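Breakdown of the fold
Take a look at the letters that make up each chain.
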Amino acid sequence: NEVKVLLEINEGSRYRIGDIKIEGLKFISEEKFLEIIRQKQDEIADGKWLKEFLYTDLASYYKNRGYLLYDSELEPEFIAPTNKDLEGTVNLKIKIDEGKQFTIDNIKILSSQKDVSKIFMLLGVKKGEVFNQEALENGIKRINETNEFAFVDKDKDVDILNDNESN
């Protein structure tokens, strides 16, 4: 009553980072970008980490500085190794669309309490400031930790409306 399974795994070639070209940066310098990307020329390419960096970590970095419409695109160019035992090269072209930087124009709190000043104080974000996603989420967490107010679900109970014309 045995079943034998033989799997043949072909790992393919290993690739190292070649050229890194970045387009569209305005808010941060190319030097700063290359510093925070952690993938350097001639290092072994880590595609999973690079995607997470661009689409999650860098997106958060920009949203915490008011760039709500940040978007990025990764265009890898794979250069196959010339010999089976050699490593390939992957050149990276990264396109960044930062969008506009947004400031907070208005904050509305819907509450049955007449005095919402404590909620505003705990929220910690103010009209006129550059929007910061992390600061907003931390403020909501502080409000919920008091147990004085109905629970606020940051994903369901908070609406962020952006006006592209006025930023």
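Described in the following lines is the structure provided in the data block.

On a plain count of helices and strands, the protein chain comes out with four helices and three strands. Ordered by position from the N terminus, the helices and strands of the protein chain form the series β-α-α-β-β-α-α. Against the 2.2 N^0.38 benchmark of 15 Å for 167 residues, the protein chain shows a C-alpha radius of gyration of 23 Å, more extended than a compact globule. Expressed as lengths along the three principal axes of its C-alpha atoms, the size of the protein chain is roughly 75 × 60 × 25 Å. For the protein chain, buried positions account for 26% of its 167 residues. In the protein chain, 59% of the contacts between residues at least 6 apart in sequence involve partners at least 24 apart.

Quick look at the sheet that holds strand 1 (residues 15-23) now. What links the strands of a sheet is backbone hydrogen bonding, and the strands pair in either a parallel or an antiparallel sense. In space, the three strands of this open sheet follow the order 1-3-2, with mixed pairing throughout. Taken across any chain shown, the strands that pair with only one partner, and hence form the sheet edges, are strand 1 and strand 2 (71-79). Here the strands of the sheet are splayed against their neighbours by 20° on average, with no regard to which way each runs. Sheet topology note: the strand 1/strand 3 (residues 88-97) ladder contains seven bridges and is parallel. For I22, the partnering residue across the bridge sits in strand 3 and is I94.

Its place among the elements puts E98 in the loop between strand 3 and helix 3 (117-123). One buried charged residue, E98, forms no salt bridge at all, with the nearest opposite charge on K26 at 5.6 Å. Polar side-chain contacts of E98 include one of 2.9 Å to the backbone nitrogen of F27. The residues touching E98, leaving out its near neighbours within four places in the chain, are G24, L25, K26, F27, I28, Y62, Y67, L69 and Y70.

Below, the discussion takes up the pattern of salt bridges. Side chains that differ in sign of charge can pair as their charged atoms come close. Taken as a whole, this structure holds seven salt bridges when the rule is applied. Residue E87 is joined to R14 by a salt bridge in which the shortest nitrogen-to-oxygen separation is 2.5 Å. Here R14 lies in the segment before strand 1 and E87 lies in the loop between strand 2 and strand 3, a separation of 73 residues in the sequence. E87 gets classed as partly exposed once you look at its relative accessible area, which sits at 29%. The exposure class of R14 is partly exposed, given its relative accessible area of 45%. In this structure, K154 and D155 form a salt bridge, with 3.3 Å as the shortest nitrogen-oxygen distance. For K154, a relative accessible area of 38% translates into the label partly exposed.

Rules used throughout
- Residues numbered from 1 in each chain as written.
- Predicted model: local features only at pLDDT ≥ 70, side-chain atom pairs only at ≥ 80, totals over all residues.
- Heavy atoms only, no water.
- Helix = DSSP H or I, 4+ residues; strand = E, 2+ residues; numbered from the N terminus.
- Rg over C-alpha atoms; globule rule 2.2 N^0.38 Å.
- Buried < 20%, exposed > 50% of the residue type's maximum accessible area, 1.4 Å probe, protein only.
- Contact = heavy atoms within 4.5 Å.
- Pairing = 2+ DSSP bridges.
- Axes fitted to C-alpha atoms, helices over the stretch in contact; angles between N-to-C directions.
- Lys, Arg positive; Asp, Glu negative; His and termini not counted.
- Salt bridge = Lys/Arg side-chain N within 4 Å of Asp/Glu carboxyl O.
- Polar contact = N/O pair within 3.5 Å; in protein donor to acceptor, adjacent residues only side chain to side chain.

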